[in-house]
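Working through the structure, step by step
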Amino acid sequence: MTTRVACLGDSLTRAQLSVDYLDLLERRGPPGDLRLARFGVNGDFAHNLLRRLDPVVADPPDVITVLIGTNDARASLAGYPVEQAMKRKHLPERPSAGWFQQCLEAIVERLRTETDATIGLLSLPVLGQQLDGAPAQASQAYSRMIAEVATAHDATYLPLHERQVEEVRRAGPPPIPYRAPTPAASVGVLLRTAVLRHRLDTISRRRGLLLTTDHIHQNSRGAALVAEVIDTWLPTRSA
């Protein structure tokens, strides 16, 4: 029996700048075991995801995964271009931890009310490669909020952040300082992959990064952990 899974999120789910965790997830089981639907939009905040749930509830899947909040967490960091992001993503208010949690609660409540799907909320991938740095700490703080929402609203918390922290500690990569990618840098990655045929993992390796290509978007190792955490939880896979 095929399980229909809707994967909701931002650029990590859109997979133009990240290795595609949906593809890796599909490959972890028998052919035809899963039918995956992608609902990822580059740069989205939780507010943006809340506003585009109509296609998901119009054709409800069996399972829904939600991976959102990386951009909300990034907006809490010093130097993040908040005003530009608000304009680009049409945000009605300045991003904050409280607003993120409210939007995520509203997302879960609508999905629970208007579908019968089993819902899993993934914590955030680690931002950066220095676990004691402000970016990694921000991704941890927002992951704690995701856990609170999951507990309060009858969703399952999927511990991606914890799994990635474990991987970073085990591997002990060099403590490369966090540097947020600019729009121009993201376009450069797209050109290198589309025109020069450079693999994302090659870019990652040249930069000395363990799980990402740019401290945010996932390489094969990072995306494999996303797929692993979802796969371990999927009701059909654990039955």
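Source: prediction; values computed, not measured.

Rules and cut-offs
Residues numbered from 1 in each chain as written. Predicted model: local features only at pLDDT ≥ 70, side-chain atom pairs only at ≥ 80, totals over all residues. Heavy atoms only, no water. Helix = DSSP H or I, 4+ residues; strand = E, 2+ residues; numbered from the N terminus. Rg over C-alpha atoms; globule rule 2.2 N^0.38 Å. Buried < 20%, exposed > 50% of the residue type's maximum accessible area, 1.4 Å probe, protein only. Areas by Shrake-Rupley, 256 points an atom, 1.4 Å probe, with all protein chains shown as cover. Lys, Arg positive; Asp, Glu negative; His and termini not counted. Charge placed at Lys NZ, Arg CZ, Asp CG, Glu CD. 1 Å grid on protein atoms, 1.4 Å probe; cavity = no way out; pocket = protein on both sides within 12 Å on 5 of 7 lines; lining within 4 Å. Points joined across faces, edges and corners; volume = space filled by probe spheres on them. Nonpolar A, V, L, I, M, F, W, Y, C, P; charged D, E, K, R; others polar. Polar contact = N/O pair within 3.5 Å; in protein donor to acceptor, adjacent residues only side chain to side chain. Contact = heavy atoms within 4.5 Å. Core = buried A, V, L, I, M, F, W, Y, C linked by side-chain atoms within 4.5 Å. Pairing = 2+ DSSP bridges. Axes fitted to C-alpha atoms, helices over the stretch in contact; angles between N-to-C directions.

**Side note on the overall build of the chain**
Broken down by element type, the chain carries 13 helices and five strands. On C-alpha atoms alone, the chain measures out to a radius of gyration of 17 Å, which is about the 18 Å that the 2.2 N^0.38 rule sets for 239 residues. Taken over the C-alpha atoms alone, the chain extends approximately 45 × 45 × 35 Å along its principal axes. The buried share among the 239 residues of the chain stands at 54%. When the accessible area of the chain is evaluated, it comes to approximately 11100 Å², of which 52% is carbon and sulfur surface. Considering the chain, the positive charge centre built from 28 side chains and the negative charge centre built from 26 side chains are found 9 Å apart.

**Points about empty space enclosed by the protein**
Taken as a whole and assessed by the stated rule, the structure comprises one cavity of 30 Å³ or more. By volume, the largest cavity is sized at about 40 Å³. V126, G128, Q129, V168, L210, L211 and T212 are the residues that line the largest cavity. For the lining of the largest cavity, the residue count by class is four nonpolar, three polar and no charged.

**What about the side chain of Q101?**
Locating Q101 in the fold gives a position in helix α7 (residues 97-114). A distance of 3.2 Å separates the side chain of Q101 from the side chain of E148, its partner in a polar contact. Those residues in contact with Q101 that lie beyond four places of it in its chain are M145, E148 and V149.

**Let's talk about the nonpolar core**
Core analysis: the biggest nonpolar cluster contains 40 residues, and L8, I64, V66, L104, L111 and L121 have the highest contact counts within it. Contributions of two or more residues to this core are made by β1 (3-9), α3 (46-50), α4 (54-58), β3 (63-67), α6 (82-88), α7, β4 (118-122) and α8 (134-152). For this core, the leading source of residues is α7, giving seven residues. One finds L160, V168, L211 and A227 within the second-largest nonpolar core, a separate group that totals 26 residues.

**Quick notes on the pairing of β4**
Most of β4 is tucked away, with four of its five residues classed as buried. Where β3 lies against β4, four bridges are found, and the strand directions are parallel. From the neighbouring strand, I64 faces β4, where its bridge partner is I119. Judged from the three bridges that link them, β4 and strand β5 (residues 156-158) form a sheet pairing that is parallel.

**A few points about the sheet that holds β1**
Taken together, five strands build an open sheet; the order of strands is β2-β1-β3-β4-β5 and the sheet is parallel. Looking at the sheet topology across the chains shown, the edges are occupied by β2 (34-40) and β5. Taking each pair of neighbouring strands and ignoring which way they run, the sheet shows an average axis angle of 20°. Direction of pairing for β1 relative to β2: parallel, over a ladder of seven bridges. Each bridged residue has a counterpart across the sheet, and for L8 the counterpart in β2 is F39.

Just geometry here; none of it tells us what the structure is for.
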